[in-house]
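Geometric and topological summary
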Amino acid sequence: MRTAKRPAPAGRRTTAASAARETLPRRAPLPPHHPDPVLEVVVPVHNEENDLERCVRRLHAHLAGTFPYPFRITVADNASTDRTPLIAERLAGELPGTGWLRLAERGRGRALHTAWSRSPAPVLAYLDVDLSTDLAALLPLVAPLISGHSDIAIGTRLARGSRVVRGPRREIISRCYNGLLRGTLAVGFTDAQCGFKAVRRDVAERLLPLVEDREWFFDTELLVIAERAGLRIHEVPVDWVDDPDSRVDILATALADLRGMARLGRALTRGRLPLAALHRAEGLDAAAGLPPALLPQLLRFAAVGAASTLFHLLLFLALRPAAGAQAANALALLAAAVANTAANRRLTFGVRGRGGALRHQLKGLAAFLAGLALTSGSLAVLHRAAPGADPRVEPLTLVAANLAATLLRFLLLRAWVFPGHRARRTTGSSAS
């Protein structure tokens, strides 16, 4: 079996160490007349003998009829064991501007990393072989990169204007995954998993050496690093129809994604990634719109939380003799929640002015209800399990319950109460 390979263009081998030496140049539009392929679309595949030919022929016809620049399609086969390599080789011989490469190891991220690293095209994209995403969104996806407006473009199924047909199970999983990303890594983009993305080659050259994952977390890791570095991510609402024949192992993928989030979070918190090398030389404050670093923000939140907890306990002890334990806890926690939201609004999330203050407080009160359930529940359990316990045990029980409520509140504040203050670099549609 013949394996098609393209050597990497001379002078384009980039490592994380060499990439850290200088910032990215200013974005510029591509020239209107470009003799070489402007766009390379990679189709990563593994055992896709049933869908591959239909996908590539439809994609080629669409690009030939609608795309105003030269293009190239590359089938990136990662360790298929069926007829996929034979079909890819035949299509490469029949369709102009179509090629293929074969990898000995599995992994969608590995296929994309390899194909994008070898490509000389100034704009790189990929889409899933099932063509769940309507190809009408392909030109809007790459146009901001060709024009110099953005660094990365992604399709999103979770924004206004998107039309999605899929079952409730995958809908819930997708929204939970992206919600978890917003809560833990403070991302501003809405859909990390949609298999429909594009990136400028100069950005890919700097990003790819920093991305460790070679499987399904590859997309998420690339996007998180890019956003933290202040690169501009454009979102395009897409029409998307679920593929009922999907063979993704959801449980194994979810566990791998959780491990990837933890690893990436540690790297960002400890400053291990050379994000400065990804800044654009545009005379702008590159850090002005970045999502806040997790550790400094967490420390500020902890300081506000410690003060709020002390205030809560003092007020509880003052009200306890007259109001009883449950009423005193509810009143003290309500007052502490209002003060806590106001303090976090200003000190932790850097929100100034009165705009949105009432909305923030109302959402903060929703987080308060979660805290009330935890703390009141802990008191109820204490009174039921040890009705004759020393009254001094009550404050200790509240401290323990508040620790659990604090983590939940922090995630809610980042992902829901103050989402606009961690997503200033993401352009395009916002999540509905």
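Residues numbered from 1 in each chain as written. Predicted model: local features only at pLDDT ≥ 70, side-chain atom pairs only at ≥ 80, totals over all residues. Heavy atoms only, no water.

1. Observations concerning the overall build of the chain
Put simply, the test is: By definition, any uninterrupted DSSP run of H or I lasting at least four residues is a helix, any uninterrupted run of E lasting at least two residues is a strand, and each is numbered from the N terminus. Three labels apply to residues, based on accessible area from a 1.4 Å probe with only protein chains included: buried if under 20% of the type maximum, exposed if over 50%, partly exposed otherwise in between. Any two residues having at least one pair of non-hydrogen atoms within 4.5 Å are treated as being in contact. The protein chains shown are the only cover counted for residues, whose accessible areas, like all others here, come from Shrake-Rupley with a 1.4 Å probe.
Summing up its helical and strand segments, the chain has 13 helices and 10 strands in all. Counting all 432 residues of the chain, 49% fall into the buried class. Long-range contacts, defined as pairs at least 24 residues apart, comprise 82% of the intrachain contacts of the chain with a sequence gap of at least 6. Split by element, the accessible area of the chain, about 19800 Å² in all, is 60% carbon and sulfur.

2. Section: the pairing of strand 2 (residues 71-78)
Moving residue by residue along a regular strand, the side chains alternate between the two faces of the sheet. Definition in use: For two strands to be treated as a pair, DSSP must find at least two bridges joining them. When the strands point away from the viewer, a crossover counts as right-handed if the route from the first strand across the helix to the second turns clockwise.
Of all 8 residues that make up strand 2, 7 are buried, and the element is covered over most of its length. Where strand 1 (residues 39-45) and strand 2 come together, 7 bridges link them in parallel fashion. When the bridges of strand 2 are listed, Glu40 appears paired with Arg72. With helix 2 (residues 52-66) bridging strand 1 and the parallel strand 2, this β-α-β connection has right-handed handedness. In the sheet, strand 2 pairs with strand 3 (residues 98-103) via 6 bridges, with the strands oriented parallel. Paired with Ile73 across the two strands is Thr98, which belongs to strand 3. Regarding the hand of the β-α-β motif, the stretch spanning strand 2, helix 3 (residues 84-94) and strand 3 is right-handed.

3. Some details on the nonpolar core
Note the threshold: The term nonpolar core refers to a set of buried residues drawn from Ala, Val, Leu, Ile, Met, Phe, Trp, Tyr and Cys, joined through side-chain atoms within 4.5 Å.
Membership of the largest hydrophobic core comes to 44 residues, with the highest contact counts inside it found for Trp116, Ile152, Phe189, Leu207, Leu222 and Ile225. The set of elements that each furnish at least two residues to this core consists of strand 3, helix 4 (108-118), strand 4 (123-127), strand 5 (152-156), helix 6 (168-185), helix 7 (201-207), helix 8 (218-228) and helix 9 (250-269). In terms of nonpolar packing, the next biggest core, distinct from the first, is built from 40 residues, Leu30, Leu52, Ala153 and Ala198 among them.

4. Some points on the environment of Thr84
On the secondary structure map, Thr84 appears in helix 3. Remark: the alpha-carbon pair of Thr84 and Glu48, spanning 36 residues in sequence, is separated by 5.8 Å. The contact partners of Thr84, leaving out residues within four places of it in the chain, are Val45, Asn47, Glu48, Glu49, Leu52 and Asp77.

5. Observations regarding a nonpolar patch on the surface
Inclusion rule: Two joining distances apply to patches: 9 Å for like charges and 5 Å for nonpolar side chains (Val, Leu, Ile, Met, Phe, Trp, Tyr), and every residue must have over 30% relative accessible area and no salt bridge. By convention in these notes, a salt bridge is any Lys or Arg side-chain nitrogen within 4 Å of a carboxyl oxygen on Asp or Glu.
On the surface, a nonpolar cluster with roughly 360 Å² of combined accessible area is contributed by Leu180, Leu251, Leu255 and Leu258. Per element, the largest residue contribution to the nonpolar patch is 3 residues, and it comes from helix 9. Relative to the elements of secondary structure, Leu180 occurs in helix 6. With a relative accessible area of 34%, Leu180 lands in the partly exposed category.

6. Examining unusual backbone geometry
For Asn47, which is not glycine, the phi dihedral falls at a positive 55°. Among the secondary structure elements, Asn47 is positioned in the loop between strand 1 and helix 2. With a relative accessible area of 19%, Asn47 lands in the buried category.

7. Details of the side chain of His60
Looking at the element boundaries, His60 is found in helix 2. Classification of His60 by relative accessible area gives buried; the value is 13%.

8. Remarks on the packing of aromatic side chains
Applicable threshold: Here a pair means two rings of Phe, Tyr or Trp (six-membered ring of Trp) with centres within 6.5 Å. Their orientation is stacked below 30 degrees between planes, edge-to-face above 60, and tilted elsewhere. Remark: a charge is flagged as sitting over a ring if the NZ atom of Lys or the CZ atom of Arg is within 6 Å of the ring centre and within 35 degrees of the ring normal.
A complete count under the given rule lists 3 aromatic pairs for this structure. Seen in terms of ring centroids, Trp116 and Phe218 are 6.3 Å apart; in terms of plane orientation they differ by 55°. Their pairing is tilted. Of this pair, Trp116 sits in helix 4 while Phe218 sits in helix 8, and the two are 102 residues apart along the sequence. The rings of Trp116, Tyr126 and Phe218 are connected pair by pair, giving a single aromatic cluster. The ring of Trp240 carries the charged tip of Arg157 above its face, separated from the ring centre by 4.7 Å.

9. A few points about the packing of helix 6 against helix 9
Convention followed: The axes are straight lines fitted to the C-alpha atoms, using for helices just the contacting stretch, and the angles between their N-to-C directions are given from 0 to 180°. Here is the rule for angles: anything less than 35 degrees is roughly parallel, anything more than 145 is roughly antiparallel, 65 through 115 is roughly perpendicular, and the remaining ranges are oblique. Three residue categories are used. Nonpolar comprises Ala, Val, Leu, Ile, Met, Phe, Trp, Tyr, Cys and Pro, charged comprises Asp, Glu, Lys and Arg, and polar comprises the others, including Gly.
For the pair helix 6 and helix 9, interaxial distance at closest approach is 11 Å and the crossing angle is 10°. By the angle between their directions, the pair helix 6 and helix 9 is classed as roughly parallel. Taking contact as the criterion, the partners of Arg169, Ile173, Tyr177, Leu180, Leu181, Thr184 and Leu185 in helix 6 are, on helix 9, Ile250, Asp257, Leu258, Met261, Leu264 and Gly265. Classifying every residue of the contact of helix 6 with helix 9 gives 9 nonpolar, 2 polar and 2 charged.

10. Quick word on the pairing of strand 5
Along strand 5, 5 of the 5 residues are buried, which leaves the element largely enclosed by surrounding structure. In strand 5, alternate side chains face the same way, and those of Ile152, Ile154 and Thr156 on one face and Ala153 and Gly155 on the other are all buried. Across 3 bridges, strand 5 lies against strand 7 (residues 196-200) in antiparallel orientation. The partner of Ile152 across the bridge, within strand 7, is Val199. Looking at chain direction, strand 5 and strand 8 (residues 233-237) are connected through 5 bridges and run parallel. Its bridge partner being in strand 8, Ile152 is matched across the sheet by Ile233.

11. Section: helix 11 (residues 325-348)
Along helix 11, the residues classified as buried are Ala325, Ala328, Asn329, Ala332, Leu333, Ala336, Ala337, Asn340, Thr341, Asn344, Arg345 and Thr348. Of the residues flanking the end of helix 11, it is Gly350, one or two places downstream, whose phi is positive at about 65°.

12. Points about the confidence of the model for the chain
Here is the rule we go by: Confidence of the predictor in every single residue is expressed as pLDDT, which spans 0 to 100.
Here the chain averages 83 in pLDDT, and 87% of its residues register 70 or above. Taken element by element, the chain is modelled with least confidence in helix 1 (residues 16-19), mean pLDDT 45, and with most confidence in strand 4, mean pLDDT 98. Predicted confidence is poor over residues 1-5, with pLDDT under 50, and the contacts of this stretch with residues over four places away or in other chains come to 11 contacts. Below a pLDDT of 50 lies the segment residues 7-20, which in the model reaches 24 contacts outside its immediate sequence neighbourhood of four places, other chains included.

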